[in-house]
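Examining the three-dimensional arrangement
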Amino acid sequence: MRVDAGLKGDVSAGRIILTTREHEQYLQDGYFVREAAFDLDELAALGEAVEAAAARAVERSASGKAYYLDGKRFVDAGHMTVQFEPPPAETAIRVIEPVCDLHPALETLLDDPRLAEPMRGLLGCERIAMWTNKLNLKRPGVGSGFGWHQDSPYWIHDCKHVDQLPNVMLVLDDADSDNGCFRVIRGSHRQGCLPGTADGSQLGGFYTDPSTFDRAGEVALEVPAGSLVFFHPHIVHGSLPNHSERPRRALVLTYQPADQPSLKARAIRNIR
Ligand SMILES: O=C(O)CCC(=O)C(=O)O
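So, a few notes on the structure that sits alongside this text. Remember, it's a predicted structure, so these values are computed and weren't measured experimentally. Each residue is numbered by its place in its chain's sequence as written, counting from 1. For this predicted model, a pLDDT threshold of at least 70 governs which residues receive local features, and a threshold of 80 or more governs which side-chain atom pairs are given and counted, while totals over whole chains, interfaces and linings are taken from all residues. Heavy atoms throughout the structure, all of them, feed into the side-chain values; hydrogens and water do not.

1. What about the pattern of salt bridges?
Any Lys or Arg side-chain nitrogen found within 4 Å of a carboxyl oxygen on Asp or Glu counts as a salt bridge. Counted by the stated rule, this structure contains 15 salt bridges. When the shortest N-O distance is used, the salt bridge between E42 and R114 registers 2.8 Å. With a gap of 72 residues between them, E42 in helix α2 (residues 40-61) and R114 in helix α4 (residues 113-123) connect regions that are remote in the sequence. On the basis of relative accessible area, R114 is assigned to the partly exposed category, the value being 27%. The network of salt bridges with shared partners includes E51, R139, D173 and R249. Elements are defined by DSSP. Helices are runs of H or I of four residues or more, strands are runs of E of two residues or more, and each kind is numbered from the N terminus. Categorising residues by exposure relies on relative accessible area from a 1.4 Å probe, with only protein chains included: less than 20% of the type maximum marks a residue as buried, more than 50% marks it as exposed, and the intermediate range marks it as partly exposed.

The structure is reproduced here in structure tokens:
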């Protein structure tokens with residue numbers, strides 16, 4: 001790959017891997033956005049795919065192993081984990097991970113150049129693989145928030161290259177503060193893995209100690225449906241509950257250099 005005319009990537013082959021500005025923003029701020037990369041027809045098809053995947057996850061979780069962490073129900077079924085909303089909305093799914101193998105359109109999405117090409121640029125290599133992928137459903141009125149956290153501390157025990165696990169969120173519904181849009185702490189990724197909270201709860205260690213980052217850097221990513229938010233594995237991020245009557249669904253796909261196993265299935269899924 002080469003840098004040319006402001007683009008990081010092989011522009012001669014018509015590929016726009018990453019603009020210099022995007023690359024600089026990722027290094028400096030820990031994220032960048034490509035607005036409305038998917039059109040309304042594509043979003044309608046993806047919307048059907050994620051709802052079919054959610055129905056399949058419910059079916060599969062009926063024979064899975066259930067457990068509770070801090071009062072929230074989780075079910076492991078094969079290599080998939082389904083997390084449900086806390087009571088009184090305990091039948092609503094909050095997160096499915098991994099999700100892409102539950103529907104062919106989601107499996108195909110992993111290879112979509114709009115996601116994969118910038119990932120090649122961020123990882124600085126042509127051959128890349130999937131690390132993990134999830135669906136965050138945030139249903140209208142019941143979708144709970146995500147406390148401030150980094151992804152890298154979740155992965156550090158399963159992966160020796162946590163710095164090389166960039167994420168992309170595909171926003172499936174218009175997202176704003178009312179329906180709990182994604183939020184980041186600009187620049188926080190430059191601090192590396194930060195300590196968790198020690199509040200005595202089961203999951204507390206996964207939430208970032210609030211004294212270690214500066215809330216002044218908070219950015220609410222109010223973006224239209226179809227937007228892509230690329231973000232660093234060390235960036236502190238989270239979101240508020242969905243108090244609106246609108247959904248705020250999002251897919252979060254995470255990539256890594258090729259030929260390495262995925263987080264949960266431990267299977268190699270190279271990107272085509
Ligand atoms: O969907 C969100 O708003 C937050 C997602 C998130 O924090 C995560 O998936 O790690």
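Once you've had a look at it, read on.
2. Notes on the site of the ligand
Surrounding the ligand, one finds K134, N136, K138, F146, H149, D151, M169, F182, H237, S239 and R248. What qualifies as a polar contact is a pair of N or O atoms within 3.5 Å, subject to a donor-acceptor requirement within protein and to the restriction that residues adjacent in sequence count only when both atoms come from side chains. At 3.2 Å from an oxygen atom of the ligand is found a side-chain nitrogen or oxygen belonging to D151. The separation between an oxygen atom of the ligand and a polar side-chain atom of R248 is 2.7 Å. To be clear on the numbers: accessible area is Shrake-Rupley with a 1.4 Å probe, and residue cover counts the displayed protein chains and nothing else. In the complex, the protein chains occlude 98% of the 290 Å² of accessible area that the ligand would expose alone. Listing elements by their share of the shell around the ligand, those giving two or more residues are β9 (128-136), β10 (146-149) and β15 (237-239). Of the residues belonging to the shell around the ligand, the class tally is 3 nonpolar, 4 polar and 4 charged. The near set for a molecule or strand comprises every residue that places at least one heavy atom within 4 Å of it. Ten residues, namely Ala, Val, Leu, Ile, Met, Phe, Trp, Tyr, Cys and Pro, are considered nonpolar, four, namely Asp, Glu, Lys and Arg, are considered charged, and the remaining ones, Gly among them, are considered polar.

3. Describing α4
Across the 11 residues of α4, 9 count as buried, placing the element largely inside the fold. Positive phi shows up at G124, right after α4, with a value of about 70 degrees.

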